[in-house]
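# Architecture at a glance
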Amino acid sequence: MPGLLRGVARTAVIAGTATAVSNRVSRRQGGRWAQQEQQQQQEQQQAAAAPPPEPAAAPPVDDMTAKIEQLKQLSTLKEQGVLTEAEFAEQKRRLLG
C-alpha cells in the first residue's frame, strides 16, 4: 500500500508540474502574439497617417528621358506598396498627359 500511495503522489506532482509549465508557456506565447499584433496595428496606423507622396513636377514635353525615369520611380513605389494601382495609374496619366 505505501508503494501505491508513493506512485500516486509522484504522478500527481509530475502532472501538476506539467500543467504549470504548459500554462506558463501558453501565457508567454500569448503575450508575444499580442505584442506582435500591437506592433502591426501601430505600423498600419502610421502608414495610414502618413501623407501620400507628392507627385514629381512635370518635365518639359520633349524630355522623354526624364519621363521614363519618373515612370520607373512610380513603378518602384507601386511595387513597394507605397502607391496603389489607382494612384499609379493617375500619376502615369498625369505624367504622360
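Residues numbered from 1 in each chain as written. Predicted model: local features only at pLDDT ≥ 70, side-chain atom pairs only at ≥ 80, totals over all residues. Heavy atoms only, no water.

### What about the packing of helix α2 (residues 64–79) against helix α3 (residues 85–96)?
Contact pair α2 / α3: the axes reach a minimum separation of 10 Å and the direction vectors enclose 175°. As the angle between them shows, α2 and α3 are arranged roughly antiparallel. Each of Lys67, Gln70, Leu71, Leu74, Ser75 and Lys78 in α2 lies in contact with α3, whose residues at this interface are Glu85, Phe88, Gln91, Lys92, Leu95 and Leu96. Classifying every residue of the contact of α2 with α3 by side-chain character gives 5 nonpolar, 3 polar and 4 charged. (Axes fitted to C-alpha atoms, helices over the stretch in contact; angles between N-to-C directions. Helix = DSSP H or I, 4+ residues; strand = E, 2+ residues; numbered from the N terminus. Parallel < 35°, antiparallel > 145°, perpendicular 65-115°, else oblique. Contact = heavy atoms within 4.5 Å. Nonpolar A, V, L, I, M, F, W, Y, C, P; charged D, E, K, R; others polar.)

### Examining α3
Under the 1.5 Å per step criterion, the end-to-end length of α3 is 16 Å for 12 residues, consistent within 8% with the ideal 16 Å. When we look at burial in α3, the residues that qualify are Phe88, Gln91 and Leu95. Down the axis, α3 shows its buried residues gathered within 70° of arc, on one side only. Opposite its buried face, α3 presents the exposed residues Glu85, Ala86 and Arg93, each directed more than 90 degrees away. Looking at the packing, one finds that the buried side of α3 touches α2. (Expected span 1.5 Å × (residues − 1). Buried < 20%, exposed > 50% of the residue type's maximum accessible area, 1.4 Å probe, protein only. Arc of directions from axis to C-beta.)

### Some words on α2
With 16 residues, α2 extends 22 Å between its outermost C-alpha atoms, agreeing within 8% with the 22 Å of an ideal straight helix rising 1.5 Å per residue. When we look at burial in α2, the residues that qualify are Lys67, Gln70 and Leu74. One face of α2 carries all of its buried residues, which in axial projection span an arc of 65°. Away from its buried face, by an angle of more than 90 degrees, α2 presents the exposed residues Thr65, Lys72 and Glu79. Elements in contact with the buried residues of α2: α3. Looking one or two residues beyond α2, the residue adopting positive phi is Gly81, at roughly 90°.

### Some thoughts on the pattern of salt bridges
The final tally for this structure, using the stated rule, is 3 salt bridges. Notably, a salt bridge pairs Glu85 with Lys78, separated by 3.3 Å at the nearest N-O pair. Classification of Glu85 as exposed rests on a relative accessible area of 52%. Residue classification places Lys78 among the partly exposed positions, given a relative accessible area of 30%. (Salt bridge = Lys/Arg side-chain N within 4 Å of Asp/Glu carboxyl O.)

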